[in-house]
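Fold and geometry: a report
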Amino acid sequence: MARKQRVKGAEALLLSLLAEGTDTIFGYPGGQVIPVYDHLYDYRDRLHHILTRHEQGAVHAAQGYARATGRVGVCLATSGPGATNLVTGIADAMLDSTPLVCITGQVPSSLLGTDAFQEADTISMTMPISKWNFQVTKASEIPRAIAKAFYIARSGRPGPVVIDFTKDAQVEEVDFSYQPCLYLRSYHPKPDLDTEAITRAVEMINASERPLLLVGQGVKLSGAETALIELAEAASIPMGETLMGISAVPNDHPLFIGNLGMHGNLAANEMTQQSDLIIAVGMRFSDRVTGDVNTYAPKAEIIQIDIDAAELGKNLPVALPIHADAREALEALKRGIRHCERPQWMEVAVRKQAEEQREVIDPALDPSLEHITMCRALHALAEAEQGQAVIVTDVGQNQMFSARYSRFKETRSFITSGGLGTMGFGLPAAMGAKLGVPDKEVVAVLGDGGFQMSIQELGTIMQNKIGLKIIVLNNTYLGMVRQWQQLFWNRRYSFTELENPDFPAVARAYGIPAERVSDPNELNAAIERLVQAQGAYFLEIVVRPEENVFPMVPAGASLSNIICKE
Amino acid sequence: MVKEYIVIAFTENQIGVLNRITALYLRRKINIESLKVSESSIKGISMFVISAFTSSETIDKLVKQLRNIIDVIQVEYYTNEELITQEIALYKISTKLFRQNGATDRIVREWNARIIEINPSFVVVEKTGTREEIEQMRQEFERQQLLQEFTRSGTVVLHREPWVQALPNQIISQ
Ligand SMILES: Cc1ncc(C[n+]2csc(CCOP(=O)(O)OP(=O)(O)O)c2C)c(N)n1
Ligand SMILES: [Mg+2]
């Protein structure tokens, strides 16, 4: 890589991306990135560029790609409106710790600050929602900026980085050579493991009677799945997952007790309230997990393991904070653990699972129901996919039902917008995921509302022949908001009802085979056709309009006050 | 309990760091009382001194978030008692009033201030001291209706403990 080459800044960018191992770029051209696109034309064999139908689609696709593969997602947009269209995805990636490098064109440096055509202050706008950002105004800055961008995006707690690239720098010539970034004196992404803290944690775990592991996305990000399961098995510690942690542990693991928080499982929430020791790994005690913090886990001491020191004790007091990479910490913990069985403690899970089955699941699967329920649809999908598919969701009830009823055998198989809760995320993120892991089955599960926030990406799927399976759960409502209106706002359905187009006809117009199913008796066969389809397939499932997601911890309520029905 | 906390940060001298730092205060709606940025004793490293009123819990969380800014090398926070803090203030008074009013000489002497410029239209008095001293002297001038203009620097600080190292070793040795 040290060999020098005389190139333009735009080409230096592409060479830098290649040096970082980039194979796919999601993007959209415009006046201030034409030089980059011009060079991209010559690199088509090495850099696979996916032209989305909206820059928001590009950034969400890059997120889906990153989340499915663990590699850095790359997206490219022009200045001004191109850059502003990326903003939602950058904010989403920041909250969900997704490694991204977002490259935006910018007006020539001589025009900066003059309100030139399509000038937007991208650096200022993305400052609070990016892990790092930098404006390149000289071609010679490109290799170092890209090297830093990748290093920062993927190390420590991953996150999005923005590189704003002025047009004059894109066409300026430079002697190119590339050096990856391995160290910055102001940034220390890998904390030293505090062995004393580990020793204390081991003692606490060995002394605990009702320990509980809370599994967050940090487990996936650090590749700690095996270490986690070994620790859990060594001391028979049940494991619950946050929304972002889903799929870190196979669902059929005997110590897996389900999901935590607002629409989590009864067992996971009840055991949080009964536990005497919570070991939180790579999760941040978001309000969606804790409900009312004052009544959260009243009997438990908390050990919190996080690579981001700012998360330790941020949302609630923690008895033992451990600033560490999850995998390193779990591997160290596991060594001191005394083996034990906890049949009584696991009894709570069995009892609560039976209660949930009886109170929540069985009624929603009742064969005499006139409509297909979302519960039944996701159940049927899980049966058909046998835990092998990557499920990418949108936001709302479709997301929560997917989180509750999907089954996973492999890590990184559940991709959803957790922290920001971005409607419109699902379809483009699923495209990116499918391009990242083409040999896996990828299914997008979307609501009728959220689908229409990114519906134009059907064009991207058509043009690039992306073999993505798409399910739209059509309840003719912005269902999750309607649920809140029903439960907490006196059933006043203010502007949450949707009049929808003929979705399969829309999909077919984009050349995607499509069908609609509304009869519960035909559901399984329709899902089977979706699973068996070679290439893209679209299935609209007409579901019960007023179904609610249960169990539910109302916002701000105690986990102990979880409700199972209206 | 809300009180004044002084954050001292050492950062790379990079464009944008100031914005990133102040944005974290803004996000929590904490008003910055005073802010001083200057080159530290090491070339290429800036020193920020930021004072703001908030709670100990909030400042602790805020400082952890400040540490996450990529170009921030080191951040700590202190209360006033832990630091030797000084500010400089300049007071502008019309030369005519300055001469006519007998109190001016006394005020300058009593407050350990000094005159740094005299010209036909105004006199500039300089005072170094704590914010309280500077404020009290300003009030005295105002009571005498002398003050035309007044300006104060941000705080310059040193830690009281003899062993506190302002910058981490690894940076100093570079
Ligand atoms: C961009 C955006 N706007 C608004 C919301 C608020 N919101 C959360 S869920 C939801 C309803 C989603 O409706 P739909 O996509 O049909 O999914 P459903 O809940 O019906 O499954 C809305 C409007 C959001 N999360 N994101
Ligand atoms: Mg809907």
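The sections below set out a description of the structure shown in this document.

About the thresholds
- Chains are numbered independently. Their residues run from 1 in the order of the written sequence.
- Numbering of ligands from 1 and lettering of chains from A proceed in the order in which they are written.
- Reporting of local features is limited, given that this is a predicted model, to residues whose pLDDT is at least 70; pairs of side-chain atoms are given and counted only at 80 or more, and all residues count toward the totals for whole chains, interfaces and linings.
- With hydrogens and water stripped out, all remaining heavy atoms of the structure feed into the side-chain values.
- One heavy atom within 4 Å of a molecule or strand makes the whole residue count as near it.
- Here a polar contact is recorded for every N or O atom pair within 3.5 Å, except that within protein the pair must consist of a potential hydrogen donor and a potential acceptor, and residues adjacent in sequence are included only if both atoms are side-chain atoms.
- Throughout, the Shrake-Rupley method with a 1.4 Å probe supplies accessible areas, and for residues the shown protein chains are the sole cover considered.
- The way it works is that DSSP assigns letters per residue, a run of H or I at least four long becomes a helix, a run of E at least two long becomes a strand, and they are numbered from the N terminus.
- Excluding water, the donors of a metal are its N, O and S neighbours within 2.8 Å, or within 3.2 Å for Na, K and Ca, and that exclusion means sites may look incomplete.
- Burial status follows relative accessibility: with a 1.4 Å probe on protein chains alone, a residue under 20% of its type maximum counts as buried, one over 50% as exposed, and anything between as partly exposed.
- The pairing criterion is simple: DSSP has to find at least two bridges between the two strands.
- As a rule, the C-alpha atoms of each element are fitted with a line to give its axis, helices using only the stretch in contact, and angles between N-to-C directions run from 0 to 180 degrees.
- Residue contacts are counted whenever heavy atoms from the two residues lie within 4.5 Å of one another.
- Expected span of a helix, by definition, is 1.5 Å for each gap between consecutive residues, and there is one gap fewer than residues.
- Buried area is understood as the total, over both parts, of accessible area removed when two parts are fitted together, assessed with a 1.4 Å probe.
- Salt bridge, as applied in this entry: a Lys or Arg side-chain nitrogen positioned within 4 Å of an Asp or Glu carboxyl oxygen.

**What about the site of ligand 1?**
All names here are of chain A. Around ligand 1, a shell composed of 18 residues is seen, among which Gln397, Gly421, Asp448, Gly450 and Gly479 lie nearest. Between an oxygen atom of ligand 1 and a main-chain N or O atom of Gly449, the distance comes to 2.9 Å. Asn475 is positioned such that a nitrogen or oxygen atom in its side chain is 2.9 Å from an oxygen atom of ligand 1. When isolated, ligand 1 has an accessible area of 580 Å², and the protein chains bury 76% of it. The set of elements that each furnish at least two residues to the shell around ligand 1 consists of α16 (397–405), α18 (448–451) and α20 (479–488).

**Here's the deal with the coordination of the magnesium ion (ligand 2)**
Residue and element names in this part refer to chain A. Here the magnesium ion (ligand 2) is held by Asp448 (OD), Asn475 (OD1) and Tyr477 (O), and the distances to it run 2.0 to 2.1 Å. Sequence spacing among the residues donating to the magnesium ion (ligand 2) works out to D-x26-N-x1-Y. With a gap of 27 residues between them, Asp448 in helix α18 and Asn475 in the loop between β18 (469–474) and α20 connect regions that are remote in the sequence. Neither Asp448 nor Asn475 differs from the other in exposure class; each is buried.

**Some details on the sheet that holds strand β10 (residues 239–241) of chain A**
Residues and elements named next belong to chain A. Reading across the sheet, the 6 strands line up as β11-β10-β9-β12-β13-β14 and stay open at both edges, with parallel pairing between neighbours. Because the sheet does not close on itself, it has two edges, and the strands there are β11 (256–259) and β14 (320–323). Strand after strand, the sheet turns through a mean of 20° between neighbouring axes, direction not considered. Against the sheet, helix α10 (residues 225–235) contacts β9 (211–215) and β10, and its axis sits at roughly 165° relative to β9.

**Describing helix α5 (residues 131–143) of chain B**
For an α-helix, the turn length of 3.6 residues means that residues three or four places apart are oriented alike. Residues and elements named next belong to chain B. Over its 13 residues, α5 extends 18 Å from the first C-alpha to the last, a length consistent with the 18 Å expected when each residue adds 1.5 Å. Of all the positions in α5, only Arg131, Ile134, Met137, Arg138, Glu140 and Phe141 are classed as buried. Positive phi shows up at Gln145, right after α5, with a value of about 55°.

**With respect to the interface of chain A and chain B**
Of the residues lining the interface, 21 residues belong to chain A; the matching set on chain B comes to 18 residues. Counting the surface lost from both chain A and chain B, the interface buries some 1,600 Å², and carbon and sulfur atoms represent 46% of this. In terms of surface lost to chain B, no three residues of chain A exceed Met127, Arg185 and Ser186 of chain A, which account for 42% of the buried area on that side. Across the contact surface, chain A and chain B share 1 salt bridge. Here Glu12 of chain B makes a salt bridge to Arg185 of chain A, at a shortest N to O gap of 2.6 Å. Taken together, the connections running from chain A to chain B amount to 8 residue pairs in polar contact (both at pLDDT 80 or more). When contributions to the side of chain A that touches chain B are tallied by element, the ones reaching two or more residues are β6 (132–136) and α6 (142–154) of chain A.

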